[in-house]
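# Fold and geometry: a report
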Amino acid sequence: MSQGPTGGTAVHYELADRLVIFTQGRSPHRFMPALNMSLFLSAHEGDVREAVAAGLPAGHVLGAPYEDDADDHDLRISFDFDGVLATDASEQVFQEGGIEKFRAHEVANAAVPHDAGPLRDFLANVNRIQQREEQERRKDPDYRIRLHVSIVTARNAPAHERAVQSLKGWGVTVNDAFFLGGIDKGRIMGILKPHIFFDDQQGHLASTSRTTPSVHVPFGKLNESAAPAVPDA
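The paragraphs below set out a description of the structure included in this document.

What counts and what doesn't
Residues numbered from 1 in each chain as written. Predicted model: local features only at pLDDT ≥ 70, side-chain atom pairs only at ≥ 80, totals over all residues. Heavy atoms only, no water. 1 Å grid on protein atoms, 1.4 Å probe; cavity = no way out; pocket = protein on both sides within 12 Å on 5 of 7 lines; lining within 4 Å. Points joined across faces, edges and corners; volume = space filled by probe spheres on them. Nonpolar A, V, L, I, M, F, W, Y, C, P; charged D, E, K, R; others polar. Core = buried A, V, L, I, M, F, W, Y, C linked by side-chain atoms within 4.5 Å. Buried < 20%, exposed > 50% of the residue type's maximum accessible area, 1.4 Å probe, protein only. Helix = DSSP H or I, 4+ residues; strand = E, 2+ residues; numbered from the N terminus. Contact = heavy atoms within 4.5 Å. Pairing = 2+ DSSP bridges. Axes fitted to C-alpha atoms, helices over the stretch in contact; angles between N-to-C directions. Salt bridge = Lys/Arg side-chain N within 4 Å of Asp/Glu carboxyl O.

### Things to note about the layout of surface pockets
Volume-wise, the second largest pocket comes out at about 390 Å³. In terms of lining, the second largest pocket is formed by 14 residues, of which the most central are Val-61, Leu-62, Pro-65, Ile-196 and Pro-213. Classifying every residue of the lining of the second largest pocket by side-chain character gives 11 nonpolar, three polar and no charged.

### Details of the nonpolar core
Among soluble globular proteins, nonpolar side chains are generally buried collectively. Phe-79, Phe-81, Leu-85, Leu-119 and Phe-198 are the most contacted members of the largest nonpolar core, which totals 23 residues. Of all elements in the fold, only strand 3 (75–79), helix 5 (120–139), strand 4 (147–153), helix 6 (160–170) and strand 6 (196–199) reach the threshold of two or more residues within this core. Sort the elements by how many residues they give to this core and helix 5 lands first, with four residues. Leave out the neighbours within four places in its chain, and Leu-119 touches Leu-39, Pro-57, Ala-58, Phe-79, Val-84, Leu-85, Phe-198 and Val-217.

### Regarding the sheet that holds strand 2 (residues 58–61)
Across the sheet, seven strands lie side by side as 1-2-7-6-3-4-5; this open sheet has mixed pairing. Bordering the open sheet on either side are strand 1 (40–42) and strand 5 (176–179), each of which pairs with just one other strand. Pairs of neighbouring strands in the sheet enclose a mean axial angle of 25°, with direction left out of account. For strand 3 and strand 4, the ladder comprises five bridges, and the chain directions are parallel. When the sheet's bridge partners are listed, Ser-78 is paired in strand 4 with Ser-150. Relative to strand 4, helix 5 is tilted by about 145°, and along the sheet it contacts strand 3, strand 4 and strand 6. Running over the sheet, helix 7 (residues 185–192) touches strand 3, strand 4, strand 5 and strand 6 and is turned about 165° from strand 4.

### As for the pattern of salt bridges
Within the structure shown, the criterion is met by 13 salt bridges. As a salt-bridge pair, Lys-185 and Asp-80 come within 3.1 Å of each other at their nearest N and O atoms. One end of the pair, Lys-185, is in helix 7; the other, Asp-80, is in the loop between strand 3 and helix 4 (89–108), with 105 residues separating them in the sequence. Asp-80 shares its class with Lys-185; the two are buried. Here Arg-155 and Asp-82 are joined by a salt bridge, their closest N and O atoms 2.7 Å apart. With Arg-155 in the loop between strand 4 and helix 6 and Asp-82 in the loop between strand 3 and helix 4, this pair connects stretches of sequence that are 73 residues apart. A single burial state applies to Arg-155 and to Asp-82, both of which are buried. The network of salt bridges with shared partners includes Asp-82, Glu-106, Arg-155 and Arg-162.

Structure, rendered in structure tokens:
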């Protein structure tokens, strides 16, 4: 959020003993390093773009609020790959040379991990929570894993190999990976039902935001110009 909650809201959600920041409407993203924050989310696109331009992990929350299912005790997080977990270097190859040049480039560099994108470290932090869950399950066989992570990307074979090798090289993991090619991501989201999905391309999010809490990560060359936000679903 770009503004701290009111005191009443904090008490209502039993957050009275947690950090609260009031900035008179100014974006607090500049305090992220000092507060050891992993991610900045806001419904204000301008604040998010400022954060990304400053090299901080941030995303623009799209669409109307979604009603939470009180009976669903899991947490499912989904990421696009290029421009989110990785940089958009390969996406630029695709934009400049088309799909065949992109595939040839990825096959030739299959063993070379991508440079980290804006949310790679956030995924690493999510993995740390998952590792704690695994430790708990080893102590208590009845403990049920609740946090699940997936990648949903337009890459397909053989370009998927470099993405997989990059995850291994970074030392991060996901539970599921969907390499969809030209299949609409929104169709997968309707089944996967993540609680949040991060993508750098608004064209994909126009579909996913109809059914899934979606976040635009305005990173990379495609996002250099201030593009209009995806309309509310």
